[in-house]
Amino acid sequence: MKLEKPRNVPEKLLLGPGPTPVESRVLRALSEPTLGHLDKNFVAIMDETRDLLRYVFQTKNELTVAMSGTGSAGMETACVNMIERGDKVIICTHGVFGTRMVDVAERCGAEVVTVSAPMGKPIDPEDVAKAIKNNPDAKVVGIVHAETSTGVLQPLDDIAKATHEAGMFVLVDAVTSLGGMEVPVDRLGLDMVYSGTQKCLACPPGLAPVTAGPRAVERIKNRKQKVQSWYLDLTMIMRYWGQERFYHHTAPVNMVYGLNEALKIIAEEGLENRWQRHRRNAEALWDGLEALGVKLLVDKEYRLPSLTSIVVPEGVDEAAVRKDLMSEYAIEIGSGLGELKGKILRVGLMGSGSNKENMVFFLAAFGNVLRKQGFAADIGGALEAVEKKLS
Ligand SMILES: *Cc1c(COP(=O)(O)O)cnc(C)c1O
């Protein structure tokens, strides 16, 4: 065995769908001394982290925790706790993550009814209302707020309202929205919401913030069957994050320090300021890309401030674009997933990564690699458009 010394971890600019750039403050927090998971100093950090999570989720929900695992563990937590074998659930699919939610729900033994929309479009709330009407025995409606595979922002107001009027529970994937735009947990009474640390929260991957409203907690406490997953069982996890400090599994202690610091950065900036920064920079990026000469997949009204999907121009090899951006500029962006594979490129401006420097550097680099392939990218025009938008 040949060991590489020193370890080779180059700096790269992460402008894909996640993970996103991590500030050195957060990296330093990760390297602080590991404490016992029941140590009073660690417990104090957990309590503060929980308060900070309530702040970013804009909620008073008692059950607010960081699950051990990435965003997908958040999805799995929401499903295994809210669904019992044989339950009928309605899941909205307008991209890869909605489809993943269907898979997870089916593994929980759910009978799944899907409501879908074409790739690049949001779910029509009318379609959800119809599905609710046709399936009055359904228990849960699941939906992705920020569909990272397409770049679509899903409005939730009407869907949450229709779900609650039918006495059902709404379960929301906020992996790419939390920390980058409003996630209206209490405003809409969203029953179960999960996220991940590695997108707009700007922390490395490893934890999944989850919050559950009082009705969801009632439902979980009154389950007939045990939660299918021992590891993700909120009835036990809530006893560890609560006053009792009941031992369940060893918390990833240093990851909690990292999340704590990342959330403090958010609180210092102010949530509304952070949403506005994401929005303003995204709008500048869109203007820049359009001036460069490329088309965007999603109509402006439904574009995510955190992630932009670019239609690959005719005759351009998208894999070569990504390869050149990486080898020549150390910039990472994302490819299309599922049906959109080969058809779009995905650019994330999330967390501290959402700034003018990154945008200008990206547009110039992207323009250069497109020109290499014979596409007449207007780099000057793109930079002017950004300047205009941000001035
Ligand atoms: C990234 C993502 C996930 C999965 O998160 P992982 O951290 O990759 O497990 C789930 N849902 C959405 C919308 C995402 O963007």
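This text goes with the structure placed above it.
Described in the following lines is the structure provided in the data block. (Residues numbered from 1 in each chain as written. Predicted model: local features only at pLDDT ≥ 70, side-chain atom pairs only at ≥ 80, totals over all residues. Heavy atoms only, no water.)

## What about the overall build of the chain?
- Of the regular secondary structure elements, the chain holds 13 helices and 15 strands.
- Its C-alpha atoms give the chain a radius of gyration of 21 Å, within 12% of the compact-globule value 21 Å for 391 residues.
- Considered along the principal axes of its C-alpha atoms, the chain spans approximately 65 × 55 × 50 Å.
- The buried share of the chain, taken over its 391 residues, is 58%.
- Across the chain, every contact between residues at least 6 apart in sequence was considered, and the portion connecting residues at least 24 apart equals 73%.
- Of the roughly 16600 Å² of accessible surface on the chain, 51% is carried by carbon and sulfur atoms.
- The averaged location of the 50 negative side-chain charges in the chain is 3 Å from the averaged location of its 47 positive side-chain charges. (Helix = DSSP H or I, 4+ residues; strand = E, 2+ residues; numbered from the N terminus. Rg over C-alpha atoms; globule rule 2.2 N^0.38 Å. Buried < 20%, exposed > 50% of the residue type's maximum accessible area, 1.4 Å probe, protein only. Contact = heavy atoms within 4.5 Å. Areas by Shrake-Rupley, 256 points an atom, 1.4 Å probe, with all protein chains shown as cover. Lys, Arg positive; Asp, Glu negative; His and termini not counted. Charge placed at Lys NZ, Arg CZ, Asp CG, Glu CD.)

## Some points on the pattern of salt bridges
- Under the definition given, this model contains 26 salt bridges.
- Lys130 serves as the salt-bridge partner of Asp127, at 3.8 Å between the closest nitrogen and oxygen. Of this pair, Asp127 and Lys130 both sit in helix 5 (residues 125-134), three residues apart, roughly one helical turn.
- A relative accessible area of 28% means that Asp127 is categorised as partly exposed.
- Put simply, Lys161 and Glu165 hold a salt bridge, and the shortest N to O gap is 3.5 Å. With a gap of four residues between them, Lys161 and Glu165 both fall in helix 6 (residues 157-165), about one helical turn apart. (Salt bridge = Lys/Arg side-chain N within 4 Å of Asp/Glu carboxyl O.)

## Considering the sheet that holds strand 12 (residues 307-311)
- Taken in spatial order, the four strands of this open sheet run 11-12-15-14, and their pairing is antiparallel. Looking along the sheet, the strands with just one partner apiece sit at the ends: strand 11 (295-296) and strand 14 (334-335).
- Across five bridges, the pairing between strand 12 and strand 15 (residues 344-348) is antiparallel. Residue pairing in the sheet places Leu307 in a bridge with Gly348 of strand 15. (Pairing = 2+ DSSP bridges.)

## Some remarks on the pairing of strand 12
- Within strand 12, four of the five residues are buried, which leaves the element mostly enclosed by the surrounding structure.
- When strand 11 meets strand 12, the two strands line up antiparallel, connected through two bridges. Counterpart to Leu296 in the pairing with strand 12 is Ile310.

## Looking at the site of the ligand
- Taken together, 13 residues surround the ligand, and among them Thr70, Ser72, Thr148, Gln198 and Lys199 come closest.
- At a separation of 2.7 Å, an oxygen atom of the ligand approaches a polar side-chain atom of Lys199.
- Across the complex, the protein chains shield 90% of the 380 Å² of accessible surface that the ligand would expose by itself.
- Within the residue set of the shell around the ligand, elements represented by two or more residues are helix 3 (71-82) and helix 4 (96-107).
- Residue classes in the shell around the ligand are distributed as four nonpolar, six polar and three charged. (Near = heavy atom within 4 Å. Polar contact = N/O pair within 3.5 Å; in protein donor to acceptor, adjacent residues only side chain to side chain. Nonpolar A, V, L, I, M, F, W, Y, C, P; charged D, E, K, R; others polar.)

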